[in-house]
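Inside the fold
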Amino acid sequence: AQIYENNLYANHFFDFLALPPLVLQVQNPTILKNIGPPRIEFRNVSFSYPNGPKVLNNISFVIEPGESVAFVGHNGAGKTTIIKLLCRFYDITSGEILINGIGIKELDLPSWYKFLGTLFQEFVKYHFTVRENIMLGAPDRKDENAMKQAAIKSGAAEFIKKLPQKYDQMLGKEFENGEELSGGQWQKLAIARAFYEEPPVLILDEPTSAIDAEAEYEIFDNLKNQYKNKTLILVSHRFSTVRNADKIIVIESGMIVESGTHENLMKT
Ligand code: ADP
């Protein structure tokens, strides 16, 4: 019965892989050379999901190279949609998204993805060792010291110290001696993985839902200090945890209602 069930799943999986891509590449797309964080601009961007109502309405903002920017707003405001458009999972309905002044539709997507490291709310829990869980962020980079630094900055090092085998600890109950982590611990490990990759643009889309506000603040603050010369994009529904971002953009019902530093926004 299990084989039958898994077989049905495998069919769906291969049907999915065979779907034609929704976004099409132009002929001779521009290949982005990896020369550090790019300038990102959304110019009058509006967007509706296929057959859906307008989700983003005339959004404009600029993220300068190396800036840390936070998108803040209630659930359903449109924050994740902005991130999906930046990754070109969908094409926008109107307006322009410019990367170093080049329209996103003109870009060679694989070369653009080399710039991006994203961590979404749903992340993978790899039943591997702690070390492998972190190093999978950049499999070609074999840097033990950077791996440990990533664990410290994400706040994962604290619980890793207490595991019987520390960084060699196998995770997942399927394994003899495998340890199961709590939701918050898995999240910190996923953040360490994103951190270890050190992409020019690091995007964290509310990966901290199982983490309390104080720990979230610490993680974001550590990231901001680490990411001084790289671009950091944070998405949160908590205004307080992103107070150290260079720029906070407040989204409400698909529109930008305010933007500025935490200090400026508190004054108004
Ligand atoms: P946020 O990240 O601020 O919580 P989202 O960007 O996820 O908000 O969602 C904005 C709006 O778009 C919501 O009304 C949501 O229901 C809708 N939405 C999100 N994803 C899809 C989708 N794949 N198809 C249709 N509507 C969607």
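Keep in mind the model is a prediction, meaning the values are calculated, not measured. In every chain, residue numbers begin from 1 and rise along the written sequence. Local features are withheld for residues below a pLDDT of 70 in this predicted model, meaning they are given only at 70 or higher, and side-chain atom pairs are given and counted only at 80 or more; totals for whole chains, interfaces and linings count all residues. As a rule here, side-chain values cover all heavy atoms of the structure and leave hydrogens and water aside.

Some thoughts on the site of the ligand
Here a residue is near a molecule or strand as soon as one of its heavy atoms is found within 4 Å of it. In the neighbourhood of the ligand, the contacting residues comprise Tyr-49, Val-55, His-74, Asn-75, Gly-76, Ala-77, Gly-78, Lys-79, Thr-80, Thr-81, Lys-84 and Tyr-90. Separating an oxygen atom of the ligand from a side-chain N or O atom of Lys-79 is a distance of 2.8 Å. Working definition: helices are DSSP H or I runs of at least four residues, strands are E runs of at least two. Numbering for both runs from the N terminus. For the shell around the ligand, the leading source of residues is helix H2 (residues 79-86), giving four residues. Each polar contact in these results corresponds to two N or O atoms within 3.5 Å; when the atoms are within protein, one needs to be able to donate a hydrogen and the other to accept it, and residues that are neighboring in sequence are counted only if both atoms are side-chain atoms.

Quick look at a nonpolar patch on the surface
Two distance rules govern patches: like charges are joined within 9 Å, and nonpolar side chains (Val, Leu, Ile, Met, Phe, Trp, Tyr) within 5 Å, applied only to residues with over 30% relative accessible area and no salt bridge. Throughout, the Shrake-Rupley method with a 1.4 Å probe supplies accessible areas, and for residues the shown protein chains are the sole cover considered. Salt bridges are defined as contacts in which a side-chain nitrogen from Lys or Arg sits within 4 Å of a carboxyl oxygen from Asp or Glu. A cluster of nonpolar side chains, Tyr-9, Phe-13, Phe-14, Phe-16, Leu-17 and Leu-19, forms an exposed patch at the surface whose accessible area comes to about 710 Å². Tracing the chain through its elements places Phe-13 in helix H1 (residues 2-18).

Focus: unusual backbone geometry
A positive phi is found at Asn-58, a non-glycine position, where the angle reads about 55°. As for its position among the elements, Asn-58 is in strand E2 (residues 54-63).

Regarding the packing of helix H5 (residues 144-154) against helix H7 (residues 183-197)
To define axes, lines are fitted to C-alpha atoms, for helices over the stretch in contact only, and angles between the resulting N-to-C directions are given on a 0 to 180 degree scale. Contact pair H5 / H7: the axes reach a minimum separation of 8 Å and the direction vectors enclose 130°. Considered as vectors, H5 and H7 are oriented oblique to each other. Remark: the crossing between H5 and H7 carries right-handed chirality. Residues Ala-146, Met-147, Ala-150, Ala-151, Lys-153 and Ser-154 of H5 pack against Lys-188, Ile-191, Ala-192, Phe-195 and Tyr-196 of H7. Residue polarity follows a fixed list, in which Ala, Val, Leu, Ile, Met, Phe, Trp, Tyr, Cys and Pro are nonpolar, Asp, Glu, Lys and Arg are charged, and the others, Gly among them, are polar. Here the contact of H5 with H7 is built from residues that sort into eight nonpolar, one polar and two charged. For classification purposes, angles smaller than 35 degrees are called roughly parallel, those larger than 145 roughly antiparallel, those between 65 and 115 roughly perpendicular, and all remaining angles oblique. When the near helix sits turned anticlockwise from the far one by under a right angle, the crossing is termed left-handed; a clockwise turn instead gives a right-handed crossing. Here a residue-residue contact requires only that any non-hydrogen atoms of the pair lie within 4.5 Å.

Focus on the side chain of Thr-129
Position of Thr-129 relative to the elements: it lies in the loop between strand E6 (116-119) and helix H4 (130-135). Residue burial is assigned from relative accessible area. The probe radius is 1.4 Å, only protein chains are included, and a residue is buried under 20% of its type maximum, exposed over 50%, and partly exposed in between. Since its relative accessible area comes to 15%, Thr-129 is described here as buried. With residues up to four places along the chain from it excluded, the contact list for Thr-129 reads Tyr-167, Asp-168, Gln-169 and Met-170.

What about the sheet that holds E6?
With mixed pairing, the six strands of this open sheet are ordered in space as E6-E7-E8-E3-E9-E10. Where the open sheet ends on each side, the last strands, each with one partner, are E6 and strand E10 (255-260). Strand-to-strand, the axes of this sheet are offset by a mean angle of 15°, without reference to chain direction. Paired strands are those between which DSSP finds at least two bridges. Pairing of strand E7 (residues 201-205) with strand E8 (residues 231-236), which is carried by five bridges, proceeds in the parallel orientation. Bridged to Leu-202 within E8 is Leu-232. Sitting on the sheet, H2 is in contact with strand E3 (68-72), E6, E7, E8 and strand E9 (247-252), with an inclination near 145° to E8.

Topic: the confidence of the model for the protein
Values of pLDDT, the confidence the predictor places in each residue, fall between 0 and 100. For the protein, per-residue confidence averages 89 on the pLDDT scale, and 99% of positions sit at 70 or higher. Per-element mean pLDDT across the protein ranges from 79 in helix H8 (residues 213-226) up to 96 in strand E1 (residues 40-48).

A closer look at H8
Each α-helix winds once per 3.6 residues, and so residues spaced three or four apart point in a common direction. Every helix has an expected span of 1.5 Å times one less than the residues it contains. An ideal rise of 1.5 Å per residue puts 20 Å on 14 residues; H8 measures up with 20 Å between its terminal C-alpha atoms. If you check which residues of H8 are buried, you get Ala-215, Glu-216, Tyr-217, Ile-219, Phe-220 and Leu-223. On the buried face of H8, the contacting elements are H5, H7, E7 and E8.

Topic: the packing of aromatic side chains
What counts as a ring pair is set by centres within 6.5 Å for rings of Phe, Tyr and Trp (its six-membered ring), and what kind of pair is set by the plane angle: stacked under 30 degrees, edge-to-face over 60, tilted for all other angles. In this structure the tally under the stated criterion is ten aromatic pairs. Arranged with centres 5.2 Å apart and planes meeting at 65°, the rings of Phe-61 and Phe-71 form a pair that is edge-to-face. Highlighted residues: Phe-61 in strand E2 and Phe-71 in strand E3, separated in sequence by ten residues. Judged on exposure class, the residue Phe-61 and its partner Phe-71 are both buried.

With respect to the pattern of salt bridges
What the rule picks out here adds up to 14 salt bridges. When the shortest N-O distance is used, the salt bridge between Glu-144 and Lys-148 registers 3.7 Å. Of this pair, Glu-144 and Lys-148 both sit in helix H5, four residues apart, roughly one helical turn. You can call Glu-144 partly exposed: its relative accessible area is 30%. Glu-198 is the salt-bridge partner of Lys-230, the closest N and O atoms lying 3.4 Å from each other. Pair noted here: Lys-230 is in the loop between H8 and E8 and Glu-198 is in the loop between H7 and E7, with a separation of 32 residues, a long-range link. Beyond isolated ion pairs, a larger network of salt bridges with shared partners links Arg-39, Glu-41, Arg-43, Glu-64 and Glu-96.

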